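# Results of the structural survey
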Amino acid sequence: ALDAEHPGLLRFTMGLAEITVMLMTDRLAEARELAWQFTDFAELQQPGRAIGEVLVAHVLLAADEFGAAAQLLRPASATLERTGYSWGPLSLTLLATALARQADIAGAAKVLSRADSRHGTKSALFAPELGMARAWQLASVRDQHGAITAARNAAAMAERTGQAAVALHAWDTAARLGDARAVDSLARLCADMDCAFGRAALARARAG
């Protein structure tokens, strides 16, 4: 994919894949640097600039920098909502997650509703992320049962569509929300995909 000539906006999709690999292999600093390179590459040209900011926010969420992620995602999502690209629903999904992790209950619910209404065939790839956003939003209103169910559903969806890295994130989310059953699922996935993120998630879940 990286060797393709004139990839256009697909270069950002490739960037998401590269950043995902870096995050799964505990290369947070490299992922952050690469994400910012995409915003520098796009400069002020839209929608490239906004997509680059989504990539940066994706890394910020992984680093638990929820306020900084939300600050980038608010204007980026406003720009991308108008494009019809799958990045629009994804930006809203990540913004809902960032707000929920900051306990902004009203804000998270409002943005999650927008993400849900704009999610469709084009953004089907990001359905597990939407499920994880829903899990964190439910957790913010102290609905632990609903939150765990949403995280499990997100994990199942990721596994059905062959997104092993996303499935690891979803089961890690379930474990963080108090799902005791997540340990077995994480162990099963880690047996097939050995990576730093999976090992850390499994150790966290076992420590419980």
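Here, the structure is the one placed above.
First, a word on what this report is: a plain description of the structure on this page. (Residues numbered from 1 in each chain as written. Predicted model: local features only at pLDDT ≥ 70, side-chain atom pairs only at ≥ 80, totals over all residues. Heavy atoms only, no water.)

### Quick word on the packing of aromatic side chains
Counted by the stated rule, this structure contains 2 aromatic pairs. Considering the side-chain rings of phenylalanine 12 and phenylalanine 38, the 5.6 Å spacing of their centres and the 45 degrees angle between planes classify their relative orientation as tilted. Placement of the pair is phenylalanine 12 in helix H1 (residues 10-24) and phenylalanine 38 in helix H2 (residues 28-42), with a sequence separation of 26 residues. Here phenylalanine 12 and phenylalanine 38 have matching classes, each one buried. On the numbers, 6.4 Å between centres and 45 degrees between planes, the contact of tryptophan 87 with phenylalanine 126 is tilted. With tryptophan 87 in helix H5 (residues 87-101) and phenylalanine 126 in the loop between helix H6 (105-118) and helix H7 (127-140), this pair connects stretches of sequence that are 39 residues apart. (Phe/Tyr/Trp six-rings, centres within 6.5 Å; stacked < 30°, edge-to-face > 60°. Helix = DSSP H or I, 4+ residues; strand = E, 2+ residues; numbered from the N terminus. Buried < 20%, exposed > 50% of the residue type's maximum accessible area, 1.4 Å probe, protein only.)

### Some thoughts on helix H11 (residues 196-207)
In a regular helix each residue adds 1.5 Å, so 12 residues correspond to 16 Å; H11 covers 17 Å between its end C-alpha atoms and thus fits that length. By the burial criterion, the buried members of H11 are Phe197, Gly198, Ala201, Leu202 and Ala205. For H11, the angular spread of the buried residues around the axis is 125 degrees, confining them to a single face. Facing away from the buried side of H11 by more than 90 degrees, the exposed set consists of Arg206 and Ala207. Those residues of H11 that are buried are in contact with H1, helix H9 (164-176) and helix H10 (182-192). Backbone geometry just after H11 places glycine 208 at a positive phi near 55 degrees. (Expected span 1.5 Å × (residues − 1). Arc of directions from axis to C-beta. Contact = heavy atoms within 4.5 Å.)

### Describing the pattern of salt bridges
For side chains bearing opposite charge, pairing can occur when the charged atoms are close. Counted by the stated rule, this structure contains 11 salt bridges. Here aspartate 116 makes a salt bridge to arginine 134, at a shortest N to O gap of 2.9 Å. With aspartate 116 in helix H6 and arginine 134 in helix H7, this residue pair connects regions lying 18 residues apart in the sequence. For aspartate 116, a relative accessible area of 38% corresponds to the partly exposed category. Given a relative accessible area of 27%, arginine 134 falls into the partly exposed group. Counted as one network, the salt bridges with shared partners bring together Glu81, Arg114 and Arg118. (Salt bridge = Lys/Arg side-chain N within 4 Å of Asp/Glu carboxyl O.)

### Some points on the side chain of glutamate 129
For glutamate 129, the position within the fold is in helix H7. Arginine 134 provides the closest opposite charge to the buried, salt-bridge-free glutamate 129, at an N-O distance of 11 Å. If we ignore the near neighbours within four places in the chain, the residues touching glutamate 129 are Leu90, Thr93 and Val166. (Lys, Arg positive; Asp, Glu negative; His and termini not counted.)

Any functional reading would require information beyond the geometric quantities listed.
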